Amino acid sequence: MKIPQLATLRSNSQEDVATFEQDSEVIGWEFRDIQEPSRLLQELKTDTLPTGCYLDKEKIESMFHLQLAITKALMNVRNQKQKTHSIYSEMLYCLGTDTKVSHAFKMFGISSQSKHCVVLMLEKEFKPEILEMLQKRLGTAQDIELEDRSSDFFGIALQGH
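These lines cover the structure that appears in this document, whether it is placed above or below. (Residues numbered from 1 in each chain as written. Predicted model: local features only at pLDDT ≥ 70, side-chain atom pairs only at ≥ 80, totals over all residues. Heavy atoms only, no water.)

**Quick notes on the sheet that holds strand β1 (residues 26–31)**
- An order of β2-β3-β1-β4 is seen for the four strands of this open sheet, with the pairing classed as antiparallel. At either margin of the open sheet sits one strand with a lone partner, and together these are β2 (53–56) and β4 (141–144). Ignoring which end each strand starts from, the neighbouring axes of this sheet average 25° apart.
- Alignment of β1 against β4, held across four bridges, turns out to be antiparallel. Across the sheet, Glu30 pairs through a bridge with Gln142, a residue of β4. (Pairing = 2+ DSSP bridges. Helix = DSSP H or I, 4+ residues; strand = E, 2+ residues; numbered from the N terminus. Axes fitted to C-alpha atoms, helices over the stretch in contact; angles between N-to-C directions.)

**What to know about the packing of helix α3 (residues 63–78) against helix α4 (residues 87–95)**
- Close contact between α3 and α4 brings their axes to 8 Å; oriented N to C, the two are set at 130°. One way to sum up the angle between α3 and α4 is to call them oblique. For the pair α3 and α4, the sense of crossing is right-handed. Taken together, the residues of α4 that come into contact with α3 (itself represented by His65, Leu66, Ala69, Ile70, Lys72, Ala73, Leu74, Asn76 and Val77) are Ile87, Glu90, Met91, Cys94 and Leu95.
- Here the contact of α3 with α4 is composed, by residue class, of 10 nonpolar, two polar and two charged. (Parallel < 35°, antiparallel > 145°, perpendicular 65-115°, else oblique. Left-handed = near helix turned anticlockwise from the far one by under 90°. Contact = heavy atoms within 4.5 Å. Nonpolar A, V, L, I, M, F, W, Y, C, P; charged D, E, K, R; others polar.)

**Describing the nonpolar core**
- In this structure, Leu55, Met91 and Leu120 are the most contacted members of the largest nonpolar core, which totals 39 residues.
- Counting only elements with at least two residues in this core, the list comes to β1, β2, α3, α4, α5 (101–108), β3 (117–122) and α6 (128–138).
- Per-element tally for this core: the top contributor is α4, with seven residues. (Core = buried A, V, L, I, M, F, W, Y, C linked by side-chain atoms within 4.5 Å. Buried < 20%, exposed > 50% of the residue type's maximum accessible area, 1.4 Å probe, protein only.)

**Some points on α3**
- A rise of 1.5 Å per residue sets the reference length of α3, with its 16 residues, at 22 Å; its end C-alpha atoms lie 22 Å apart and thus fit the reference within 8%.
- Within the span of α3, buried status applies to Met63, His65, Leu66, Gln67, Ala69, Ile70, Thr71, Ala73, Leu74, Asn76 and Arg78. (Expected span 1.5 Å × (residues − 1).)

**Notes on the side chain of Glu30**
- Within the secondary structure layout, Glu30 lies in strand β1.
- A polar contact is formed between the side chain of Glu30 and the side chain of Arg32, at a distance of 2.8 Å. (Polar contact = N/O pair within 3.5 Å; in protein donor to acceptor, adjacent residues only side chain to side chain.)

Any link to function would need more than the numbers given here.
Next up, the structure:
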């Protein structure tokens, strides 16, 4: 998913815009029927899984909700207005409406009850072995089409977007 053209209006040069857009491609996967979600949570806390944004899919309202959070996080980082320390925690934070980062982690992050997981990552940080590692731990990955607003990722097609 690329940041929308609107976000490039504050840039000082076209080169800055092109570099930022290339560096801000986000890719994502869905993992269903997670086994041992409490173990997954522990692995996230101890940094034994690849760096990324790990979300409880059941807490995300729609594909538009997810796209909006990603876009807002990318814009916040680009404009140096982020509230968190990484792009991944910023994506999670931007899903919520509260100003507390901890609330966003509790609301949208992986919990010991999570059954379905979404993992987001900057494309520039992706390596095939990362996906292999995730699939060994979480099961078969299904690509998420972040560009497609008509996606039926949440069980219903989003019409008119």
